[in-house]
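Breakdown of the fold
Residue strings, one per chain:
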Amino acid sequence: MPQLTVDGKTYALGDKESVLNCLTRHNISIPHSCGSGICQSCVVRAVEGKPTPASQKSLKPSQRERGVFLACSCVPEEDLHIQLGDEASRTFSTTVLSLKKLSQDVMRLRLNCPSDFKYRAGQYINLHHPVAGTRCYSLASVHGLDPHLELHIKLVPQGLVSSWVHNELAVGNTITISEPLGDCHYNPDKPDAPMLLIATGCGLAPLYGIIRDALHNQHRGEISLYHSSRSKTGIYLYQDCEGLQAKHENFRYIPSVSEDEKIPDGLHAGRSSDLALQQHRALKDYQVYLCGEPEMVNTTKRKAFLAGASMSAIHSDPFVYFSPTN
Ligand SMILES: Cc1cc2nc3c(=O)[nH]c(=O)nc-3n(C[C@H](O)[C@H](O)[C@H](O)COP(=O)(O)OP(=O)(O)OC[C@H]3O[C@@H](n4cnc5c(N)ncnc54)[C@H](O)[C@@H]3O)c2cc1C
């Protein structure tokens, strides 16, 4: 079994054990969040030995050359000597401008946009919590249109960071965020392509930003947004999306609930992904965006591909979260 050396101590890796799991099993503290190779908060550097290709594939070539890799995605095939820290993504200090409840359990957090923070709506940042580490949140604001950064944060029962945002964070507080990450954003090179956007819950955050970015860029193709939640209380930004629909002929908004027995006026019955794929059966030439619940995102990605969308035209962010059992 390969061995892992860190800070002068050597540990035996378990069968098919990732570097992250080996470190946490030995109570070695390392920033981590999603545990699935998405948030990039668990970057470490190999000073001896070769990290697996899977643990480096989403990193920049310059990082790969330096031996940087994602601890959660690396199940070593040979002994590794690693160095912790100092390789994390660039961070920015920012202040809380406002906190506003958009629904019973979704908080809109607006932050001061640092002067050299360049991003595309729909990308995400890592929000640093002083004790819990980092969590990813998607950017609902549009660079060049909104002066602030906007995040929509859903309260997760017993969730450390979401409950901190909902219950403790206050206007004027200083917090740390990472540089923008990910590539789920509007593509201005395809102004006539139809866009199909499907969200559950706070998956609306990146899609709301992407839609406003597209409309701001005078996108000419049809834009269809399907947003669902289990119950009506999870449908937020309803008035704002209706307002966009009234203003832009090429934008359609289809909000729905999947578990309420009585369907409230203005909403449809069913999951956003089911409704979207029933109403859009052939997706050749579409740009497809999928955000929110991981199961919905992964299943719909396959279905969208089978309906004719090319893989490079399917943009997605599954909101994976770290669970000791995943
Ligand atoms: C790319 C990306 C973008 C994201 N964007 C957003 C966003 O815009 N808005 C947003 O609200 N969240 C978003 N998330 C999810 C977010 O990063 C956190 O996972 C979430 O806020 C929970 O963090 P927490 O610290 O409150 O909970 P934790 O303290 O991490 O978890 C507490 C407990 O709840 C469980 N848990 C955590 N999340 C869930 C869940 N969704 N369903 C069921 N159980 C759960 C955990 O396994 C754990 O047992 C995104 C995730 C990714 C990967």
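Residues numbered from 1 in each chain as written. Predicted model: local features only at pLDDT ≥ 70, side-chain atom pairs only at ≥ 80, totals over all residues.

Side note on the domain arrangement of the protein
The domain boundaries assigned to the protein delineate domain 1 (3–83), domain 2 (91–178) and domain 3 (195–318). Relative placement of domain 1 and domain 2: their C-alpha centres are 28 Å apart. (Domains from an automatic or database assignment.)

Concerning the site of the ligand
Near the ligand there are 26 residues, and of these Gly 159, Val 161, Ser 162, Tyr 321 and Ser 323 occur at the shortest range. Looking at the shell around the ligand, the elements with two or more residues in it are strand S9 (133–138), strand S10 (148–154) and helix H3 (160–167). Residue contributions to the shell around the ligand peak at four residues, all from S9. Its residues assigned to classes, the shell around the ligand shows 17 nonpolar, six polar and three charged. (Near = placed C-beta within 6 Å. Helix = DSSP H or I, 4+ residues; strand = E, 2+ residues; numbered from the N terminus. Nonpolar A, V, L, I, M, F, W, Y, C, P; charged D, E, K, R; others polar.)

Quick look at the environment of Val 142
Inspection of the secondary structure puts Val 142 in the loop between S9 and S10. In this structure Val 142 comes out as buried when scored by C-beta crowding, with 23 C-beta atoms within 10 Å. As for Val 142 and Cys 34, which are separated by 108 residues in sequence, their C-alpha atoms are 25 Å apart. If sequence neighbours within four positions are ignored, Val 142 has contacts with Ala 121, Gly 209, Arg 212, Asp 213 and His 216. (Buried ≥ 20, exposed ≤ 12 C-beta atoms within 10 Å, placed from the backbone. Contact = placed C-beta atoms within 7 Å.)

Regarding the sheet that holds strand S5 (residues 80–83)
Strand order in the open sheet formed by five strands is S2-S1-S5-S3-S4, and the pairing between neighbours is mixed. Only two strands of the sheet have a single neighbouring strand rather than two, namely strand S2 (9–12) and strand S4 (68–70). Ignoring which end each strand starts from, the neighbouring axes of this sheet average 40 degrees apart. Direction of pairing for strand S3 (residues 43–48) relative to S4: antiparallel, over a ladder of three bridges. Across the sheet, the residue bridging to Arg 45 is Val 68, located in S4. (Pairing = 2+ DSSP bridges. Axes fitted to C-alpha atoms, helices over the stretch in contact; angles between N-to-C directions.)

So, helix H7 (residues 294–306)
Its 13 residues give H7 an end-to-end C-alpha distance of 19 Å, which sits within 8% of 18 Å, the value for a rise of 1.5 Å per residue. Among the residues making up H7, those that are buried are Met 296, Val 297, Thr 300 and Ala 304. Relative to the axis of H7, the buried residues are bounded by an arc of 90 degrees and lie together on one face. Across H7 from its buried face, at more than 90 degrees, point the exposed residues Glu 295, Arg 302 and Leu 306. Those residues of H7 hidden inside the fold are in contact with strand S12 (195–200), helix H6 (272–279), strand S16 (287–292) and strand S17 (314–318). Just beyond H7, the residue with positive phi is Gly 308, at close to 115 degrees. (Expected span 1.5 Å × (residues − 1). Arc of directions from axis to C-beta.)

Some remarks on H3
Inspection of H3 places Val 161, Ser 162 and Val 165 among the buried residues, and these make up the whole buried set. One face of H3 carries all of its buried residues, which in axial projection span an arc of 100 degrees. Residues of H3 that are exposed and point over 90 degrees away from its buried face: Leu 160 and Asn 167. In this structure, the buried side of H3 is in contact with strand S7 (106–112), strand S8 (124–129), S9 and S10.

Examining the sheet that holds strand S14 (residues 251–257)
Taken in spatial order, the six strands line up as S15-S14-S13-S12-S16-S17 in an open sheet, and their pairing is parallel. Whereas interior strands pair on both sides, the edge strands pair on one side only; in this sheet they are strand S15 (268–269) and S17. Sheet topology note: the S12/strand S13 (residues 223–229) ladder contains six bridges and is parallel. Among the inter-strand pairings, Leu 197 is bridged to a residue of S13, identified as Leu 225. Of the strands in this sheet, S12, S16 and S17 touch H7, which is tilted by about 165 degrees from S17.

Overview of the environment of Gln 278
One can find Gln 278 in helix H6. Here the alpha-carbon distance between Gln 278 and Arg 108, two residues 170 residues apart in the chain, equals 31 Å.

Observations regarding the pairing of S14
Strand direction decides the pairing type here: S13 and S14, joined by seven bridges, are parallel. Looking across to S14, one finds that Ser 228 is bridged to Ser 256. As for the winding sense of the linkage, the β-α-β connection from S13 through helix H5 (residues 238–247) to S14 is right-handed. In terms of strand pairing, S14 meets S15 through two bridges, oriented parallel. (Right-handed = clockwise from strand over helix to strand, strands pointing away.)

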